[in-house]
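Given next are the chains, with one letter for each unit.
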Amino acid sequence: MRLLFLAVLRRHTGNAVTAERVRDHLEAAGHVCLLKDAFDLESSSEIAHLIKAENLEAALALHLYRGGRLLQGHGIPFGIIFGGTDLNEDVNQREKNDVMGKVLEEARFAVAFTESMKETAQTQWVDPVFTREVKAKVKRTAGVRLLGEMPQEDLHAALKNCFAVVNSSVSEGMSAAILEAMDLEVPVLARNIPGNAAVVKHEVTGLLFSDPQEFVQLAKRLVRDPALEKEIVANGREYVRRCHSWQAERDTYQNLVQNLEGSIKE
């Protein structure tokens, strides 16, 4: 089957990595998956032209608002993969909320990475002004470096040489960085928000902090307690193998797209 897959494809972002992984799953099953950046296709007419020109039979969108709204009304079945910010932020904006509700009514299925993604109704964006403040603060702080984007294999090599991975996000769907750290046997310290708490069990698969003071306390504890480090590393790796199997994810997406294919023949 020939599929259109819309996602936001900024390089080295979680959404881009997820989209490429899902595309690989589907192509491994023999489907043709045309992956396009949703930001490059802002109008319904462009989507209609693409569907006709490429003889596309079904579609997927990673992000209910950014991608899903572009797939409405084209006469081909489609499914949605929640991206995180759609459930955490866009849902609180009435206009976007209405649009997303209509998209879900038309979608044949929707994928949420965690139970908490279904319930999340709050979020905060990292403001560009805040980003500039962080960069300025880093320059003034000894021992702190701010790294730019890097290929995934280089990132993984760097992670393996780290004592711990810190996730301080104020909004997460399912953090790929946390799961990658667990799989690479690197301890995780993460902000205690619903998306992180869905994959990190405090003192079992990682450590959760609610404020800077608690982060400092837990970081020092991790440094001083090798037994704790060993335990959460082992538990984290086992959790990823048990609950986030690459093969299980591949099978799930392939089965979902088979449902789309079946709806075409009905």
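First things first, this report covers the structure right here in the doc. Remember, it's a predicted structure, so these values are computed and weren't measured experimentally.

Calculation rules
- Residues numbered from 1 in each chain as written.
- Predicted model: local features only at pLDDT ≥ 70, side-chain atom pairs only at ≥ 80, totals over all residues.
- Heavy atoms only, no water.
- Helix = DSSP H or I, 4+ residues; strand = E, 2+ residues; numbered from the N terminus.
- Buried < 20%, exposed > 50% of the residue type's maximum accessible area, 1.4 Å probe, protein only.
- 1 Å grid on protein atoms, 1.4 Å probe; cavity = no way out; pocket = protein on both sides within 12 Å on 5 of 7 lines; lining within 4 Å.
- Points joined across faces, edges and corners; volume = space filled by probe spheres on them.
- Nonpolar A, V, L, I, M, F, W, Y, C, P; charged D, E, K, R; others polar.
- Pairing = 2+ DSSP bridges.
- Axes fitted to C-alpha atoms, helices over the stretch in contact; angles between N-to-C directions.
- Contact = heavy atoms within 4.5 Å.
- Salt bridge = Lys/Arg side-chain N within 4 Å of Asp/Glu carboxyl O.

Here we come to unusual backbone geometry. Unlike most non-glycine residues, His63 shows phi in positive territory, near 110°. Counting through the fold element by element, His63 comes out in the loop between strand S3 (58-62) and strand S4 (78-81). On the basis of relative accessible area, His63 is assigned to the buried category, the value being 0%. Phi angles above zero are rare outside glycine, and Glu203 is one such case at about 65°.

Our focus in this paragraph is empty space enclosed by the protein. Tallying each qualifying case throughout the model produces one cavity of 30 Å³ or more. Forming the walls of the largest cavity are Ala181, Met182, Glu185, Val186, Pro187, Val188, Thr205, Ile232, Val233, Gly236 and Arg237. Only helix H8 (176-183) and helix H11 (226-243) provide two or more residues apiece to the lining of the largest cavity. Tallying contributions element by element places H11 first for the lining of the largest cavity, with four residues. Its residues assigned to classes, the lining of the largest cavity comprises seven nonpolar, two polar and two charged.

Strand order in the open sheet formed by three strands is S6-S7-S8, with parallel pairing between adjacent strands. Edge positions in the sheet fall to strand S6 (165-167) and strand S8 (207-209), since each has one partner strand and no second. Strand-to-strand, the axes of this sheet are offset by a mean angle of 20°, without reference to chain direction. Examined bridge by bridge, S6 and strand S7 (residues 188-191) share three bridges and lie parallel to one another. Each residue of the ladder has a partner; that of Asn167, found in S7, is Ala190. H8 rests against S6 and S7 of the sheet, and its axis sits at about 165° to S7.

One pass over the full model with this rule turns up seven salt bridges. Arg21 serves as the salt-bridge partner of Glu249, at 2.5 Å between the closest nitrogen and oxygen. Here Glu249 is found in helix H12 (residues 246-265), whereas its partner Arg21 is found in helix H1 (residues 14-28), with 228 residues between them in sequence. Glu249 gets classed as buried once you look at its relative accessible area, which sits at 17%. Note that Arg242 is salt-bridged to Glu238, the shortest N-O span being 4.0 Å. Placement of both Arg242 and Glu238 in helix H11 is noted, with a separation of four residues, approximately one turn of the helix. Each of the salt bridges in this network shares a partner with another, and the network as a whole consists of Asp183, Glu185 and Arg237.

Purely spatial values, then, with no claim about function.
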